[in-house]
Amino acid sequence: MADTTTPFGPRPVRWAFPPNDGFFGLQEHQRLQMIHALPGILVWPILLFGLAITFQFLSGGAWALIDGKTLGISLETTQFAGSTVAYGVLAMLMWHHFGIYAAHRAAFSVIPKRWSELVIGLLILGAMLMVGSPLTVWFHQFAMVDPNLTLAGGADLKDVSNVDNFVQSGAALWSIVLLTLVAAPIVEEILFRGWMLPMLVARGVPGLFAVLISGLAFGLIHTGQGLMVMTSTALLGFALGAARLATGRVAASVLGHMANNAWAIFAVPFLTGMQSG
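Residues numbered from 1 in each chain as written. Predicted model: local features only at pLDDT ≥ 70, side-chain atom pairs only at ≥ 80, totals over all residues. Heavy atoms only, no water.

## Some words on the overall build of the chain
Point 1. Within the chain one finds nine helices and zero strands.
Point 2. Seen in sequence order, the chain has helices and strands lined up from the N terminus as α-α-α-α-α-α-α-α-α.
Point 3. For the chain, the proportion of its 277 residues judged to be buried stands at 44%.
Point 4. Nonlocal contacts in the chain, meaning residues at least 24 apart in sequence, comprise 73% of its contacts between residues at least 6 apart.
Point 5. Here the chain has roughly 14,700 Å² of accessible surface; of this, 71% comes from carbon and sulfur atoms. (Helix = DSSP H or I, 4+ residues; strand = E, 2+ residues; numbered from the N terminus. Buried < 20%, exposed > 50% of the residue type's maximum accessible area, 1.4 Å probe, protein only. Contact = heavy atoms within 4.5 Å. Areas by Shrake-Rupley, 256 points an atom, 1.4 Å probe, with all protein chains shown as cover.)

Here is the structure:
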């Protein structure tokens, strides 16, 4: 019997996601919508910067208006809270926009459902301590041979961590924890590993290069914190991207991000303080 299929029908979208990935179940029209969406690699990080600046300005204005110093509220606490609100607004915008392609649940898969995700999160922290940190220090020392190689001023050679000392910033502990261990890890992982990385894969970028591109973009948004932080966050982004591809979800990446931030913000300043003392 002759083959009656026509070669002129629409070809199905090439979809490189494995069955364990949250994006695997998108329908054909949703896949096309996602592929032709605005390039999240540019739009969402810019929007994050805009929201952060806007809400820090508004929170500072509100603090001055209510005379927060008299009320015992530090300006730093208000600004940390403003940044947290900015992350929350971005999350709501992403949830709404990703819902157009029915990709919101896959992008927001931040709640662990398997023990393996917890283990991978701890492995990411171990990798950063054993591999990422020495590489970061070496690259920083190499770059400081020529200060022109540093971005945002780099750091002094004596600065072994180059992380912002949030603990001694004057902000209330609750505002530090809420921003650095909750809001930033969750929303940044949704943005870079929940959306940017899958969008690159959907557009035909091989997984390895998608991990590298999203990791580099993650490092670049930390440029203002100096060369060392930018380098370490890029390396962290590579590990988080690999975890995202391996598990098909964002939960392990979120846990690894939280663990890394907890170490960098609380443990590193304490340990370096002990060494300098």
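## Quick word on the pattern of salt bridges
Point 1. One pass over the full model with this rule turns up four salt bridges.
Point 2. A salt bridge links R193 to E189, with the nearest nitrogen and oxygen atoms 2.7 Å apart. Taken as a pair, R193 and E189 lie in helix α6 (residues 173-202) at a separation of four residues, close to a single helical turn.
Point 3. According to the relative accessible area criterion, R193 is buried, its value standing at 0%.
Point 4. For E189, a relative accessible area of 0% corresponds to the buried category.
Point 5. Taken together, the shared-partner salt bridges connect R114, E117 and R249 into one network. (Salt bridge = Lys/Arg side-chain N within 4 Å of Asp/Glu carboxyl O.)

## A word on a nonpolar patch on the surface
Point 1. A contiguous nonpolar surface patch, about 480 Å² in accessible area, is contributed by L129, M130, V131, L135 and W263.
Point 2. Element by element, the count of residues in the nonpolar patch is highest for helix α5 (residues 115-143), at four residues.
Point 3. Accessibility expressed as a relative area gives 32% for L129, which makes it partly exposed. (Patch = residues over 30% accessible without salt bridge, like charges linked within 9 Å, V, L, I, M, F, W, Y side chains within 5 Å.)

## What to know about the confidence of the model for the chain
Point 1. Across the chain, the average pLDDT comes to 82, with 80% of residues at or above 70.
Point 2. For the stretch residues 150-155, pLDDT sits under 50, and the model shows 16 contacts to residues farther than four places along the chain or on other chains.
Point 3. Note that residues 157-162 has pLDDT below 50 and, in this model, 15 contacts with residues that lie over four places away or in other chains. (pLDDT = per-residue confidence, 0-100.)

## Points about the nonpolar core
Point 1. W15, F23, M34, M94, F98 and W195 are the most contacted members of the largest nonpolar core, which has 55 residues in total.
Point 2. Among the elements that make up this core, the one with the highest residue count is α6 (15 residues).
Point 3. For M94, the residues in contact, after removing those within four places along its chain, are W44, F108, V187, I190 and L191. (Core = buried A, V, L, I, M, F, W, Y, C linked by side-chain atoms within 4.5 Å.)

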